[in-house]
Every structure is written in C-alpha cells, then in structure tokens.
Amino acid sequence: MQLAISKLLPTYFEKSRSETSEIWGKDLLWKKGEMIKIVAPSGSGKSSLINFLYGMRKDYEGNIRYDQHDLDKTDAESLASLRKDHISIVFQDLRLFPHQTVQENLEIKRQLNPYHPKEKIAEMAERLGIGKKLPSLARTCSYGEQQRVAIIRALMQPFDFLLLDEPFSHLDNRNSELAMQLMLEETRARQASIVFADLERIEFFPFTSLYHL
Ligand SMILES: Nc1ncnc2c1ncn2[C@@H]1O[C@H](COP(=O)(O)OP(=O)(O)OP(=O)(O)O)[C@@H](O)[C@H]1O
C-alpha cells in the first residue's frame, strides 16, 4: 500500500503556508515500509494533518489517497474497513473509554480485528510498565499511563500505516524509548510505515524521511 498526498492545505490556513512548509501544498508519496518523521512546531497543523490522514476531517483542499482509495470520496463503510485493516493511530487526545478498565479498552480494540492473541495485551503492558494497571479504570490512570494504553491499543490491529500525533508528550525519555521500541518492532513485523508527527526531532526514531510542517 502507498499513501499519496497532493497539494494538501487546511481550508483555514492561508495559502502562503505552502511556501514555507515541506508538507502543505506539496505532492508526496510514502510507500509501506518507510519511516516518516514530521517536525511540527505547535500550531503548525500537526493534529490537523494526522486527523486528515485518518479520514477524521475533510476541511482541506487537495487530495489524500491510500492506493486507489481517495479519502474525500470514500464512504463511511469503506473508510471503516480501510482503517480496520490498514491504518492505525495514536490520537493526541488518546480517546480511551474512561469508564472501562485498561484491559477492556485494549481487548475491545483487539477483538475488532485480532492481530495478536489475548495474552499479548499483558505482555505489552508489562513491557511498558503498566501491567499493574490492567484492572484499573482508564480514567483513574495518569495521563502518561493512558498514553501507553493508547499506544498498545494501536498495536492490537493489522496496519500498513501507523499515525502518531505527539505520542510521548507525557512520557519521560526512558518510557518514550521503550514505547518507541515496541512500536518499531510491531511496525517492522507488519513491514509497515510510521508517520510520526512531533514538536521536535526525537533521536530514537530511525526515520527514512524527515519533513518540516
Ligand atoms: N476547524 C478549524 N477551524 C479553524 N481553525 C482551526 C481548525 N482546526 C484547527 N485550527 C487552527 O489551525 C492551527 C493548527 O491547529 P492544529 O491543532 O492542527 O495544530 P498543532 O500543530 O497540532 O498544534 P499543537 O502542537 O498545539 O497541538 C491552530 O491555529 C488552530 O487553531
């Protein structure tokens, strides 16, 4: 699978943003397996971009295509199916079910399109240091713990592209590196891509292409 972006620009941005950006207004082609790093200062449209790429919002000019699927022309059912098999995401605002336990949040996602057996949940949670939190309600976990839950949840499904919007904002370096390592292993096992948007360059992400938003 490949992701083609053509002359993308949020409708609420001035056209002049294309002049300084390496993404907005450009034609880009990312093939499955590439590691894409997008450095984006606050307010440069990082969340807008990641939401556009997930088909969450359509208030943009230009075009986004996953193979032959033009996101602008994809109906809700086809979009759900495209996401289920090909696109996973860690939202900046996480979007866990607050009144479900950590285990339930992960298991609900796993069951939608199982890529891993159930046991993998506890194994990944242990690896990221939140094993003891599995029976806790998501809303009672710290933001950094919830961030790790959202990361593991994204790894429960098959994908060709994993979209990350500032996934480590509440994690210390050690925990960020552990989470990155897990995501890299899982992405490589699928021969997939990561599209990683963050405020700054993170040294432990081995990107193949680097863009400034
Ligand atoms: N629907 C919208 N209508 C108008 N302006 C918007 C809309 N969505 C976002 N913006 C504006 O576009 C700019 C970029 O927002 P966005 O959330 O994409 O940035 P960001 O780079 O993710 O920022 P941060 O790092 O602070 O989360 C902001 O100035 C925001 O107010």
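All of these numbers come straight from a predicted model, not from anything done at the bench.

(A) The overall build of the protein chain, seen in detail. Broken down by element type, the protein chain carries seven helices and nine strands. Rg of the C-alpha trace for the protein chain: 17 Å, near the compact-globule value of 17 Å for 213 residues, within the 12% margin. Buried residues in the protein chain amount to 54% of all 213 residues. Sequence-distant contacts, at least 24 apart, represent 74% of the contacts inside the protein chain between residues at least 6 apart. A gap of 2 Å separates the mean positions of the 29 positive and 30 negative side-chain charges of the protein chain.

(B) Seen up close, helix α2 (residues 46-53). α2 sits mainly inside the fold: seven of its eight residues count as buried. Of the positions making up α2, those classed as buried are Lys46, Ser48, Leu49, Ile50, Asn51, Phe52 and Leu53. Positive backbone phi, at 75°, marks Gly55, one or two positions downstream of α2.

(C) Highlighting the packing of aromatic side chains. Throughout the structure, instances matching the rule amount to ten aromatic pairs. Measuring from centroid to centroid gives 5.8 Å for Phe13 and Trp24, while their planes differ by 80°, and the two rings are edge-to-face. Of the two residues, Phe13 is situated in the loop between β1 (2-10) and α1 (17-20) and Trp24 in the loop between α1 and β2 (27-31); the sequence distance between them amounts to eleven residues. Exposure remark for Phe13: the relative accessible area of 13% places this residue in the buried category. Relative to Phe204, the ring of Phe168 lies with its centre 6.0 Å away and its plane at 50°, an arrangement referred to as tilted. One end of the pair, Phe168, is in the loop between β7 (161-165) and α7 (173-189); the other, Phe204, is in the loop between β8 (193-198) and β9 (209-212), with 36 residues separating them in the sequence. Under the relative-accessibility criterion, Phe204 is labelled partly exposed at 23%.

(D) Quick look at the confidence of the model for the protein chain. Taken residue by residue, the protein chain gives an average pLDDT of 95. The fraction at 70 or more is 100%. Of all the helices and strands in the protein chain, α1 carries the lowest mean pLDDT, 91, while helix α5 (residues 119-127) carries the highest, 98.

(E) Examining the pairing of β7 more closely. When you tally the buried positions in β7, you get five out of five residues, the bulk of the element. Neither face of β7 is left uncovered, since the one carrying Phe161, Leu163 and Asp165 and the one carrying Leu162 and Leu164 both have all their residues buried. The pairing of strand β6 (residues 87-90) with β7 spans four bridges and is parallel. Its bridge partner being in β7, Ser88 is matched across the sheet by Leu162. Pairing geometry for β7 and β8, over five bridges, is parallel. Pairing of Leu163 across the sheet is with Val195, part of β8.

(F) Representation of the site of the ligand. The local shell around the ligand holds 15 residues, among which Ser42, Gly45, Lys46, Ser47 and Ser48 are the closest. For the ligand, an oxygen atom lies 3.2 Å from a polar atom in the backbone of Ser44. In isolation the ligand has 630 Å² of accessible area, and contact with the protein removes 57% of it. A per-class count over the shell around the ligand returns four nonpolar, seven polar and four charged.

(G) A look at the UniProt feature "domain: ABC transporter" (unreviewed entry) in the protein chain. As annotated in UniProt, the feature "domain: ABC transporter" (unreviewed entry) corresponds to residues 3-213 in the numbering used here. Annotated as 34% helix and 22% strand, the span residues 3-213 places its first and last C-alpha atoms 17 Å apart.

(H) A look at unusual backbone geometry. If you check the backbone angles, Asp67 has positive phi at about 50° while not being a glycine. Look at Asp67 and you get partly exposed, because its relative accessible area is 31%. The backbone phi angle of Gln191 is positive, close to 50°, even though this residue is not glycine. Looking at the element boundaries, Gln191 is found in the loop between α7 and β8.

(I) Structural context of the side chain of Lys46. Relative to the elements of secondary structure, Lys46 occurs in helix α2. Lys46 sits in the buried class, given a relative accessible area of 7%. At 2.8 Å, the side chain of Lys46 and the side chain of Glu166 are in polar contact. Among all residues touching Lys46, those that are not within four sequence positions of it are Ala40, Gln92, Asp165, Glu166, Ala197, Asp198, Leu199 and Leu213.

About the cut-offs
Residues numbered from 1 in each chain as written. Predicted model: local features only at pLDDT ≥ 70, side-chain atom pairs only at ≥ 80, totals over all residues. Heavy atoms only, no water. Helix = DSSP H or I, 4+ residues; strand = E, 2+ residues; numbered from the N terminus. Rg over C-alpha atoms; globule rule 2.2 N^0.38 Å. Buried < 20%, exposed > 50% of the residue type's maximum accessible area, 1.4 Å probe, protein only. Contact = heavy atoms within 4.5 Å. Lys, Arg positive; Asp, Glu negative; His and termini not counted. Charge placed at Lys NZ, Arg CZ, Asp CG, Glu CD. Phe/Tyr/Trp six-rings, centres within 6.5 Å; stacked < 30°, edge-to-face > 60°. pLDDT = per-residue confidence, 0-100. Pairing = 2+ DSSP bridges. Near = heavy atom within 4 Å. Polar contact = N/O pair within 3.5 Å; in protein donor to acceptor, adjacent residues only side chain to side chain. Areas by Shrake-Rupley, 256 points an atom, 1.4 Å probe, with all protein chains shown as cover. Nonpolar A, V, L, I, M, F, W, Y, C, P; charged D, E, K, R; others polar. UniProt positions renumbered as here; feature names shortened; annotations may be inferred.

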